[in-house]
Structures are given as structure tokens and as C-alpha cells.
Amino acid sequence: MGRAFRRSVPTTEATEATEATAEPGAALDAYDIAFLAGGPQRVADSALIALSERGLLKLGGSRVRAVGETRPQHPVEGALFASCPRSRNTASVLTALQHSPEVEEMARRLAARKLVTGSRRRPTRLGKQQLRAAERAKGLPEYVFSGPATLPHGPVRRGVVNARPIPSGLGRTLIRMALDRDHDSDSDPDSDAGSGSAFSCGGGSGSD
């Protein structure tokens, strides 16, 4: 089986031709690879990171909102963009995206191509081969394969990591310490904290 991968996450051009991935023999795009690497959560995280890096979403504290009026063409990106026209809690947005029709359709398509199992949606042997081939090709961002921990310190990494559930016990303490250190080391000139705007942790007029 030929291996072809489309670098569709970080570039604007990549959002313009995405429906082709629904075809049985079409090349896998970055979100397909993200699903193979980490399931629906990796897909949601990758979409949030990609749109933030392209300036289409703005993360501030624990909230996110769409910026501008141009909706991305990729189904997953479009669903994410449309879900937060006003400031919304980042964790709830990511959770909803993981269970969205767009991500469900991706799972069904990958299962039909024998790349994930039909029940638990874990990568099959063929799916793992495709994932390894994509890693060797080095054409996709590292966060597609390994998650937001690979991002440089900054508001995007902090916003995505903070939106993840934190385990109890010592693990929770260590993660919180890391997040606090990350926060202290970053200087975010675009932060809305304390600005009184709708896009702030406190909600205000932009809350749901």
C-alpha cells in the first residue's frame, strides 16, 4: 500500500482541500495521523494548536475564542472554529470536539480502511505501519505524534495542557508544579488577564 501524507495542520493552504480524505484510497492527512497517534484527544489538541498558531483562535487563560470570520475548510477545524465564536471554556470545547460528528466520521473512515479497530478504535497493525511511515517522513509537526508537551513554552502550550484532565495523587501535584513553572517562565504580551475584556478567565460578557 502506497504511503502518502498531506501536511494539512499548520498551513492555510492545507485547509482548502480536505474532503478528499473521505475517499477510500486517499492520502492520510495530519488529523488522520493524529487519530492514529492518540485518538480523538490528539485530533482535538492538534486542531486547537494548529488554528492558534495560524491566528484563527486565541487562547487566554482557560478560555478560547475564534478570531476573524473565515471558517477553515477542514471539517475538524471548521467544527472547532464554529464552536467558539465567543469566549468559551477550552476544556469543554476540546471535549465536545472529540465527540463531534466530524471526528466520529474520521473514526469510521479509518476503521473502514482497516487502520483502526471498529470498537476501541485503536490502531491496527496496518495503522501502526502508516503512523511509523508518517514519522519517518518528518513532514508533520511533532505535536501530531507526541502531543502538546512538544510545544515551546507559551500561551498555546499552556492553554492546551491546562485543558487536560489532571490525575489525582502525586501525579496531580507534579503536573500542577510544572504548569505553575511554565506560567511563571512565560511572558504573554497578548494575555487578556486583568484587562476586563470578554475573553478572560473570569468570563464576563463572553461567558457561556
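Everything below is about the structure shown above.
Heads up: these notes are all about the structure in this document.

About the thresholds
- Residues numbered from 1 in each chain as written.
- Predicted model: local features only at pLDDT ≥ 70, side-chain atom pairs only at ≥ 80, totals over all residues.
- Heavy atoms only, no water.
- Axes fitted to C-alpha atoms, helices over the stretch in contact; angles between N-to-C directions.
- Helix = DSSP H or I, 4+ residues; strand = E, 2+ residues; numbered from the N terminus.
- Left-handed = near helix turned anticlockwise from the far one by under 90°.
- Contact = heavy atoms within 4.5 Å.
- Nonpolar A, V, L, I, M, F, W, Y, C, P; charged D, E, K, R; others polar.
- Polar contact = N/O pair within 3.5 Å; in protein donor to acceptor, adjacent residues only side chain to side chain.
- Pairing = 2+ DSSP bridges.
- Salt bridge = Lys/Arg side-chain N within 4 Å of Asp/Glu carboxyl O.
- Buried < 20%, exposed > 50% of the residue type's maximum accessible area, 1.4 Å probe, protein only.

**What about the packing of helix H1 (residues 30-53) against helix H5 (residues 125-137)?**
A packed helix pair is summarised by two numbers, namely the angle formed by the two axes and the spacing between the axes.
Argument step 1. Viewed as axis vectors pointing N to C, H1 and H5 meet at an angle of 115°, and their least axial separation amounts to 10 Å. For the pair H1 and H5, the crossing hand works out as left-handed. Contacts between H1 and H5 involve Ile33, Leu36 and Ala37 from the first element and Gly127, Gln130, Leu131 and Ala134 from the second.
Argument step 2. Taken together, the residues of the contact of H1 with H5 break down into 5 nonpolar, 2 polar and no charged.

**Considering the environment of serine 87**
Argument step 1. Considering the arrangement of structural elements, one finds serine 87 in the loop between helix H2 (75-83) and strand E5 (88-89).
Argument step 2. Sequence-wise, serine 87 and arginine 63 are 24 residues apart; in three dimensions their C-alpha atoms are separated by 6.1 Å.
Argument step 3. Within the structure, the side chain of serine 87 is placed 2.6 Å from the side chain of arginine 63, a separation counted as a polar contact.

**Digging into the pairing of strand E3 (residues 57-60)**
Argument step 1. As paired strands, E3 and strand E4 (residues 63-66) are joined by 4 bridges and run antiparallel to one another. When the bridges of E4 are listed, leucine 59 appears paired with valine 64.

**Description of the pattern of salt bridges**
Argument step 1. Across all of its chains, the model carries 4 salt bridges by this definition.
Argument step 2. One salt bridge connects arginine 109 with aspartate 32, and the closest N-O pair in it is separated by 3.1 Å. Of this pair, arginine 109 sits in helix H4 (residues 101-112) while aspartate 32 is found in helix H1, placing the two residues 77 residues apart along the sequence. You'll find arginine 109 and aspartate 32 in the same group, each marked buried.
Argument step 3. Residue glutamate 104 pairs with arginine 121 through a salt bridge whose shortest N-O separation is 2.8 Å. Separated by 17 residues along the polypeptide, glutamate 104 in helix H4 and arginine 121 in the loop between H4 and H5 bring together distant segments of the chain.

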